[in-house]
Amino acid sequence: MKYRNASEILPDNLLKEIQKYTSGEAIYIPQVNERQKWGQSSGARRYYEERNEKIYTRYKEGVSMEELGKEFCLSVESIRKIVYKYQL
């Protein structure tokens, strides 16, 4: 992270106001934009949500966890976690 001198960036009245609370210390000012959650911009999150819903639907239709594992190229343990998550 690169540090910049506040006197070069902020207007004098704002700098004086900040100096009332902290002077000579390094402070962090967070960005205005919040970070997106994992997979939102790439579409991966939606892809896995849809896949997991299909897995649960097929399980409710009577397809075994072993068959679902083969169909979706996942371990039985992964299928079990997905199914139990949707059952809650």
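This section reports on the structure supplied with the text. From a predicted model like this one, the values you see are computed outputs, not experimental measurements.

Here we look at the nonpolar core
Side chains of a nonpolar character, in soluble globular proteins, are inclined to be buried together.
1) Next: Counting nine residues, the largest nonpolar core is built from Ile55, Tyr56, Val63, Met65, Leu68, Phe72, Ile79, Ile82 and Val83.
2) Next: When contributions to this core are tallied by element, the ones reaching two or more residues are α3 (44-60), α4 (65-72) and α5 (76-87).
3) Next: Once residues lying within four places of it in the same chain are set aside, the contact partners of Leu68 are Ile55, Arg58, Tyr59, Val63, Cys73 and Ile79.

Remarks on α5
1) Next: The end-to-end C-alpha distance of α5 is 16 Å, a good match for the 16 Å that 12 residues give at a rise of 1.5 Å each.
2) Next: Those residues of α5 that sit buried are Ile79, Ile82 and Val83. The arc enclosing the buried residues of α5, seen along the axis, measures out at 95°, which places them on a common side. Summarising the geometry of α5, the exposed residues directed more than 90 degrees from the buried face are Lys81 and Lys85.

Some thoughts on α4
1) Next: For α4, the full list of buried residues reads Met65, Leu68, Gly69 and Phe72. Each buried residue of α4 lies within a common arc of 105° when the element is viewed along its axis, so the set occupies one face.
2) Next: Lining the buried residues of α4 we find α3 and α5.

Procedures and definitions
- One numbering rule holds for all chains: residues counted from 1, following each sequence as written.
- Only residues with pLDDT of at least 70 get local features here, since the model is predicted, and only at 80 or more are side-chain atom pairs given and counted; chain-wide, interface and lining totals rely on the full set of residues.
- Excluded from the side-chain calculations are hydrogens and water; all other atoms, namely the structure's heavy atoms, are used.
- Among buried residues, those of type Ala, Val, Leu, Ile, Met, Phe, Trp, Tyr and Cys that are joined through side-chain atoms within 4.5 Å constitute a nonpolar core.
- Type-normalised accessible area, obtained with a 1.4 Å probe on protein chains alone, sets the label of each residue: buried when under 20%, exposed when over 50%, and partly exposed for intermediate values.
- For the purposes of this entry, the term helix denotes a DSSP run of H or I that reaches at least four residues, the term strand denotes a run of E that reaches at least two, and both are numbered from the N terminus.
- Residue contacts are defined here by distance: any two heavy atoms, one from each residue, within 4.5 Å place the two residues in contact.
- Here a helix's expected span is defined as the number of its residues, less one, multiplied by 1.5 Å.
- Here, the arc refers to the directions that run from the helix axis to the C-beta atoms.

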